[in-house]
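Examination of the molecular architecture
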Amino acid sequence: MNGHDAMVHALLEEKSLDTLAFLLDHGREVEFFVGGQSWFLSPKAAWCCISLWDGREERFFPDTAALTKDELFLDAWEQARIDTIF
C-alpha cells in the first residue's frame, strides 16, 4: 500500500483524527454526513482557524488540536460517513 492509499484507508476506514488533522493543516476541506445531515470542515487560513459547519451553525476552532478535543465533534465523527475531500 502506498502513502496515498494508506492515508485514504486511515481516514475512511479508521476515521483517524491524525490523518484528518494532517489534511486540514494542509488546506484540504472535508464534507461528511451524520444522520443524513451534511457537515463540513474547512481551514480558514486568513483567520488561522478551522471552521465546522454542522448544517445549522458554524463553529470555529483555533487549530486542529482544539477541534479533535471537542466533545460534539468527536461524537459526530464516530458516526460520520465521509463523502468528499476537497
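Described in the following lines is the structure provided in the data block. Worth saying up front: this structure is predicted, and the values here are computed from it rather than measured. (Residues numbered from 1 in each chain as written. Predicted model: local features only at pLDDT ≥ 70, side-chain atom pairs only at ≥ 80, totals over all residues. Heavy atoms only, no water.)

Assignment of secondary structure puts T19 in helix α2 (residues 17-25). Its relative accessible area of 11% is what places T19 among the buried residues. (Helix = DSSP H or I, 4+ residues; strand = E, 2+ residues; numbered from the N terminus. Buried < 20%, exposed > 50% of the residue type's maximum accessible area, 1.4 Å probe, protein only.)

Further remarks concern the environment of S38. Residue placement: S38 occurs in strand β2 (residues 37-44). Each C-alpha atom of the pair S38 and D54 lies 6.7 Å from the other, and the pair is 16 residues apart in sequence. Ignoring sequence-local partners within four residues, the contact set of S38 consists of E31, F32, F33, W53, D54 and G55. Separated by 3.0 Å, the side chains of S38 and E31 make a polar contact. (Contact = heavy atoms within 4.5 Å. Polar contact = N/O pair within 3.5 Å; in protein donor to acceptor, adjacent residues only side chain to side chain.)

Here the focus is the sheet that holds β2. Neighbouring strands of a sheet are bound in pairs by backbone hydrogen bonds; such pairs are parallel or else antiparallel. Taking strand neighbours across the sheet as the criterion, the five strands line up as β4-β3-β2-β1-β5 in an open arrangement whose pairing is antiparallel. For this open sheet the edge positions go to β4 (58-61) and β5 (81-85), each flanked by a neighbour on one side alone. The mean angle between the axes of side-by-side strands here comes to 20°, regardless of whether they run parallel or antiparallel. Bridging between strand β1 (residues 30-34) and β2 involves five bridges; their strand directions are antiparallel. Bridging across to β2, F33 finds its partner in S38. (Pairing = 2+ DSSP bridges. Axes fitted to C-alpha atoms, helices over the stretch in contact; angles between N-to-C directions.)

Our focus in this paragraph is the nonpolar core. Among the nonpolar cores identified, the biggest contains 18 residues, and L20, F32, L41, L52, L67, F73 and W77 are the most heavily contacted of them. Among the elements of the structure, α2, β1, β2, β3 (49-53) and α4 (71-79) are those that each provide at least two residues to this core. Ignoring sequence-local partners within four residues, the contact set of F32 consists of Q37, S38, W39, L41, L52, F73, W77, A80, R81, I82 and D83. (Core = buried A, V, L, I, M, F, W, Y, C linked by side-chain atoms within 4.5 Å.)

Our next topic: α4. Those residues of α4 that fall on the buried side of the exposure criterion are F73, A76 and W77. All buried residues of α4 project into a common sector of 105° when viewed along the axis, lining one side. Looking at α4, the residues exposed on the side facing more than 90 degrees away from the buried face are E71, E78 and Q79. (Arc of directions from axis to C-beta.)

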